[in-house]
Amino acid sequence: QIPSGRPEEGALAHFEKLRQFASGDALGLLEPNEVEIFKVYMRQVAEKAQQELKLQRLQQAAEQAQAGQQASSGQPETGESAESIQQNPPVNPNELLDESLPGAGGGGNAQ
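Residues numbered from 1 in each chain as written. Predicted model: local features only at pLDDT ≥ 70, side-chain atom pairs only at ≥ 80, totals over all residues. Heavy atoms only, no water.

Looking at the confidence of the model for the protein chain
Here the protein chain shows a mean pLDDT of 79. Residues at 70 or above account for 64%. No element of the protein chain has a lower mean pLDDT than helix 3 (residues 82-87), which averages 51, and none a higher one than helix 1 (residues 11-23), which averages 94. (pLDDT = per-residue confidence, 0-100. Helix = DSSP H or I, 4+ residues; strand = E, 2+ residues; numbered from the N terminus.)

Looking at the packing of aromatic side chains
In the structure shown here, the tally under the stated rule is one aromatic pair. When the centroid spacing of 5.3 Å and the interplanar angle of 55 degrees are considered together, the rings of F21 and F38 count as tilted. Residue F21 is located in helix 1, and its partner F38 is located in helix 2 (residues 32-73); the two are separated by 17 residues in the primary sequence. Look at F21 and you get partly exposed, because its relative accessible area is 31%. (Phe/Tyr/Trp six-rings, centres within 6.5 Å; stacked < 30°, edge-to-face > 60°. Buried < 20%, exposed > 50% of the residue type's maximum accessible area, 1.4 Å probe, protein only.)

Here's the deal with helix 1
Taking 1.5 Å per residue as the helical rise, helix 1 with its 13 residues ought to reach 18 Å, and the 18 Å between its terminal C-alpha atoms agrees with that figure. Of the residues making up helix 1, those classed as buried are A11, H14 and L18. Take helix 1 and look down its axis: the buried residues cluster within an arc of 65 degrees, on one side only. Summarising the geometry of helix 1, the exposed residues directed more than 90 degrees from the buried face are Q20 and S23. (Expected span 1.5 Å × (residues − 1). Arc of directions from axis to C-beta.)

Digging into the nonpolar core
In this structure, L18, F38, Y41, M42 and V45 together form the largest nonpolar core, which totals five residues. Sorting elements by how many residues they give to this core places helix 2 first, with four residues. Filtering out sequence-adjacent residues up to four positions away, M42 remains in contact with F15, L18, R19 and A22. (Core = buried A, V, L, I, M, F, W, Y, C linked by side-chain atoms within 4.5 Å. Contact = heavy atoms within 4.5 Å.)

As for the side chain of E52
One can find E52 in helix 2. This buried residue, E52, is left without a salt bridge; R6 holds the nearest opposite charge, at 4.4 Å. Aside from chain neighbours lying at most four places away, what touches E52 is R6, G10, A11 and L12. (Lys, Arg positive; Asp, Glu negative; His and termini not counted. Salt bridge = Lys/Arg side-chain N within 4 Å of Asp/Glu carboxyl O.)

Some remarks on the pattern of salt bridges
This model, assessed by the stated rule, comprises three salt bridges. E16 serves as the salt-bridge partner of R19, at 4.0 Å between the closest nitrogen and oxygen. Here R19 pairs with E16, and both are found in helix 1, just three residues apart, close to one helical turn. As a salt-bridge pair, E36 and K39 come within 3.6 Å of each other at their nearest N and O atoms. Pair noted here: E36 and K39 are both in helix 2, with a separation of three residues, about one helical turn. K39 sits in the partly exposed class, given a relative accessible area of 41%.

Next up, the structure:
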């Protein structure tokens, strides 16, 4: 019967253990039907290991991208995107906006 559930050590480490078992002498002690079950199980664990590896890579890429954004701006993220900052220049109360600037909406940049 094929085992179910998640390996405690994670799919990558479990797959490595299965590979070690498959390359050792102990595999010869299994009956032919057990070898087939082992092959099916090993394929299932390999798929889970690939998914786990892909998730790890995506997490690393996201962390690197976030670190790169923070490093390039020199400031922690404020939640505002670069587009919103460029499109909406800060204007204090009782202050006029130069409508000739791009994104100010004054029509001064129409051609």
